[in-house]
Amino acid sequence: MSNADNQGRKGAETTGHVWDGDLQEYNNPVPMWWTWAFYGTIIFALVYWLLYPAWPVGKGFTTGTFNDITFVNKKGEEVTTHWNTRALFLKDQQTGEQAVKQREYLDKISQSSYQEIMQDPDKMAFVNSMAKVLFADNCGPCHGKGANGVVGLYPNLRDDDWLWGGTIEEVERTIKHGRNGYMPSFAGVFPKEKLESVAAYVLSLSGIVGEDKAKIEEGKHIFQGEEGGCYYCHTDKGTGLKSQGAANLADKVWTIANVPAAATYEEKLAAVEKVIVEGVNREMPAWQGRLPEEQLKLLTVYIHQLGGGK
Ligand code: HEC
Ligand code: HEC
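The rules behind these values
- Within any chain, residue numbers begin from 1 and follow the written order of that chain's sequence.
- Labels are handed out in written order, letters beginning with A for the chains and numbers beginning with 1 for the ligands.
- Given that this is a predicted model, residues contribute local features only at a pLDDT of at least 70 and side-chain atom pairs are listed and counted only at 80 or more, while totals for whole chains, interfaces and linings are drawn from all residues.
- Hydrogens and water molecules were not included; the side-chain quantities draw on all heavy atoms of the structure.
- The nearness test applies per residue and asks whether one of its heavy atoms lies within 4 Å of the molecule or strand.
- N or O atoms within 3.5 Å of each other form a polar contact, as long as, within protein, one can give a hydrogen and the other can take it, and as long as residues adjacent in sequence are counted only when both atoms are side-chain atoms.
- Only DSSP runs of H or I covering at least 4 residues are called helices, and only runs of E covering at least 2 are called strands; the numbering of each starts at the N terminus.
- Each residue gets one of three labels, nonpolar for Ala, Val, Leu, Ile, Met, Phe, Trp, Tyr, Cys and Pro, charged for Asp, Glu, Lys and Arg, and polar for the others, Gly among them.
- Coordination shells were defined by N, O and S atoms within 2.8 Å of each metal, extended to 3.2 Å for Na, K and Ca; water is absent from the atom set, which can make sites look incomplete.
- The geometry test gives tetrahedral to four donors whose angles all lie between 85 and 135 degrees, gives square planar to four donors and octahedral to six donors whose opposite members are over 155 degrees apart with all other angles between 65 and 115, and gives irregular to the rest.
- Residue burial is assigned from relative accessible area. The probe radius is 1.4 Å, only protein chains are included, and a residue is buried under 20% of its type maximum, exposed over 50%, and partly exposed in between.
- Pairing between strands is defined by DSSP: at least two bridges between them are needed.
- Definitions used throughout: a 1 Å grid over protein atoms alone; a cavity as a set of points that fits a 1.4 Å probe which cannot get out; a pocket as an open set with protein on both sides within 12 Å along at least five of seven lines; a lining residue as one with an atom within 4 Å of a point.
- Grid points are joined across faces, edges and corners, and a volume is the space filled by probe spheres set on the points.
- Throughout, the edges of the domains are those of an automatic or database domain assignment.
- To qualify as a nonpolar core, a set must consist of buried Ala, Val, Leu, Ile, Met, Phe, Trp, Tyr and Cys residues joined through side-chain atoms within 4.5 Å.
- For this analysis, residues touch if any pair of their heavy atoms sits within 4.5 Å.
- Two aromatic rings, drawn from Phe, Tyr or Trp (for Trp, its six-membered ring), form a pair once their centres lie within 6.5 Å of each other, and the interplanar angle then sorts them: stacked below 30 degrees, edge-to-face above 60, tilted otherwise.
- Whether a charge lies above a ring is judged from NZ of Lys or CZ of Arg, which has to be within 6 Å of the ring centre and within 35 degrees of the ring normal.

**Some details on the site of ligand 2**
Inference 1: The environment of ligand 2 is made up of 29 residues, and the closest members are Met183, Cys230, Cys233, His234 and Ile256.
Inference 2: Here Ala257 contributes a backbone N or O atom positioned 2.8 Å from an oxygen atom of ligand 2.
Inference 3: Here an oxygen atom of ligand 2 sits 2.9 Å away from a polar atom, N or O, in the side chain of Arg282.
Inference 4: Looking at the shell around ligand 2, the elements that each hand over two or more residues are β7 (179–183), α8 (192–205), α10 (231–234), α11 (265–278) and β8 (280–284).
Inference 5: Here the shell around ligand 2 is composed, by residue class, of 22 nonpolar, six polar and one charged.

**Examining the coordination of the iron atom of ligand 1**
In a perfect tetrahedron of four donors around a metal, the angles come out at 109.5 degrees. In a perfect octahedron of six, they are 90 or 180 degrees.
Inference 1: Around the iron atom of ligand 1, the protein contributes the donor atoms His143 (NE2) and Met284 (SD), at 2.0 to 2.1 Å from the metal centre.
Inference 2: Coordination geometry of the iron atom of ligand 1: the six donor atoms subtend angles of 88 to 179° at the metal centre, consistent with an arrangement described as octahedral. Taken as a pair, His143 in helix α6 (residues 140–143) and Met284 in strand β8 lie far apart in primary sequence, 141 residues in all.
Inference 3: For His143, a relative accessible area of 10% gives the class buried.

**Thoughts on the pairing of strand β2 (residues 23–26)**
Inference 1: Bridge analysis of strand β1 (residues 14–19) against β2 gives three bridges, and the strand direction is antiparallel. Within β2, the position partnered with Thr14 by the bridge is Tyr26.

**Looking at empty space enclosed by the protein**
Inference 1: The final tally for this structure, using the stated rule, is one cavity of 30 Å³ or more.
Inference 2: The calculated volume of the largest cavity comes to roughly 30 Å³.
Inference 3: Asp161, Trp162, Leu163, Ala247, Asn248, Asp251, Val253 and Thr255 together form the lining of the largest cavity.
Inference 4: Of the residues belonging to the lining of the largest cavity, the class tally is four nonpolar, two polar and two charged.
Inference 5: In this structure, the lining of the largest cavity is formed jointly by two domains, domain 2 (98–178 + 286–306) and domain 3 (179–284), each of which donates at least three residues.

**Looking at the pairing of strand β6 (residues 78–81)**
Inference 1: Here strand β5 (residues 69–72) pairs with β6 via four bridges, running antiparallel. Paired with Thr70 across the bridge in β6 is Thr80.
Inference 2: Once β5 ends, the chain turns through five residues before running back antiparallel as β6, passing Gly76 with a positive phi of about 85°.

**Notes on the coordination of the iron atom of ligand 2**
Inference 1: Looking at the iron atom of ligand 2, one finds its protein donor set to be Met183 (SD) and His234 (NE2), positioned 2.0 to 2.1 Å from the metal centre.
Inference 2: Assessed through its relative accessible area of 11%, His234 is described here as buried.

**Observations regarding the domain arrangement of the protein**
Inference 1: Its domain assignment divides the protein into domain 1 (34–95), domain 2 (98–178 + 286–306) and domain 3 (179–284).
Inference 2: Just the C-alpha atoms count here: the centres of domain 1 and domain 3 sit 66 Å apart.

**Looking at the nonpolar core**
Inference 1: Grouped together as the largest cluster of nonpolar side chains are 28 residues, with contacts concentrated most on Val127, Phe135, Leu298 and Ile303.
Inference 2: Of all elements in the fold, only α3 (97–111), α4 (114–119), α5 (121–138), α7 (168–177) and α12 (293–306) reach the threshold of two or more residues within this core.
Inference 3: Those residues in contact with Phe135, other than ones at most four positions away along the chain, are Gly140, His143, Gly144, Lys145, Ala147, Leu157, Leu299, Tyr302 and Ile303.
Inference 4: Residues Phe186, Leu249, Ala257 and Ala271 belong to the second largest nonpolar core, which totals 24 residues.

**Things to note about the site of ligand 1**
Inference 1: As a structural note, the neighbourhood of ligand 1 is formed by 22 residues, with Cys139, Cys142, His143, Trp164 and Met284 the closest of them.
Inference 2: In the environment of ligand 1, an oxygen atom lies 2.7 Å from a nitrogen or oxygen atom belonging to the backbone of Leu163.
Inference 3: Arg282 places a polar side-chain atom, nitrogen or oxygen, 2.7 Å from an oxygen atom of ligand 1.
Inference 4: Taken together, the elements giving at least two residues each to the shell around ligand 1 come down to α6, α7, β8 and α12.
Inference 5: Sorting elements by how many residues they give to the shell around ligand 1 places β8 first, with three residues.
Inference 6: Among the residues making up the shell around ligand 1, the classes are represented as 15 nonpolar, four polar and three charged.
Inference 7: The two domains that each donate at least three residues to the shell around ligand 1 are domain 2 (98–178 + 286–306) and domain 3 (179–284).

**A closer look at the packing of aromatic side chains**
Inference 1: Taken as a whole and judged by the stated rule, the model has 11 aromatic pairs.
Inference 2: Ring centres 5.8 Å apart and planes at 50° place the aromatic pair Phe38 and Tyr39 in the tilted group.
Inference 3: You can call Phe38 partly exposed: its relative accessible area is 42%.
Inference 4: A connected cluster of aromatic rings, assembled from ring pairs, spans Trp34, Trp36, Phe38 and Tyr39.
Inference 5: The ring of Tyr105 has Lys108 sitting right over it, with the charged end atom 4.5 Å from the ring centre.
Inference 6: For Lys297, the ring lying beneath its charged end belongs to Tyr114, and the centroid distance is 5.9 Å.

What follows is the structure, given as structure tokens:
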């Protein structure tokens, strides 16, 4: 088929080239809008390169112009930098709607007494949501995210059983200044039978009683007398002394001796004996100076009411 006038089938324009005798190519230019869109992207790219960080240059990169971001860094200094997502994020944390709201609440908390905070459901809702995050970040590694603690290592903060007291003032004192739970080791102080007797007495305080009742009587004398001197910290009745952080031994709550996990009476005895022989020395770190005052306040209220709020 000849194609002298560059007309293909149905009269459409062709490029005029012919291959293999009859293979032709239509001349279909792209639509105008497409061409302009294409030039548009090139112009967009040029403007973008000018405004935003774009090209590597040596060890650095082109930072763009007319797009400075100013924010306050951790040290409280005002910093101005070229546009970048990190600076944008930091600025948003300080001036974003959320951040401003949070700041307002924190100011309210700083200015309120503990009583005022606890009586205001709106403030308490804020305390709970923010302190939960603070707790998970700072305290969770030891006490567990849910504050359930680990028997033998870190006390459970969800129960209403407090080594150092559960009033708001006591909890504040614990968190700000830390605590050192200390009980001396009684290794080598008692012969085996006497050790067993004291442990039997301790268990009996929580209603766990073995067959040999005489042992409990003997243990009581050691506990309450000079031989053991346990009463000195735990009191005569074994109910503990909050000023010493000495556990209440008569409340069925165990923070060091894992009595609940022991299956038999003998194993429970062994768990208590272990604490008596090894003693206890564990530390709750002080947080004053490590966290801002207002955050300590949030945590104090949070912990206080987690444990039932004495
Ligand atoms: C390094 C581990 C560790 C971290 C982190 C830690 N604690 Fe403790 N905390 C302890 C230990 C250990 C004790 C028990 C001290 C004792 O035996 O008397 C304790 C005790 C406590 C008590 C006293 C409980 C009672 O029964 O009286 C409170 C309240 C408490 N922690 C709150 C916190 C808060 C709030 C944080 C975070 C700001 C925190 N802890 C972070 C280890 C830790
Ligand atoms: C110097 C004070 C002191 C003396 C004396 C003392 N304790 Fe303690 N005891 C403590 C403290 C403090 C704790 C809690 C430590 C902690 O939880 O951080 C404790 C914890 C315990 C526990 C673990 C309780 C639990 O909940 O797991 C047992 C059991 C115990 N003492 C028994 C005794 C017996 C028996 C004697 C005497 C032979 C004795 N203690 C003497 C201070 C003392």
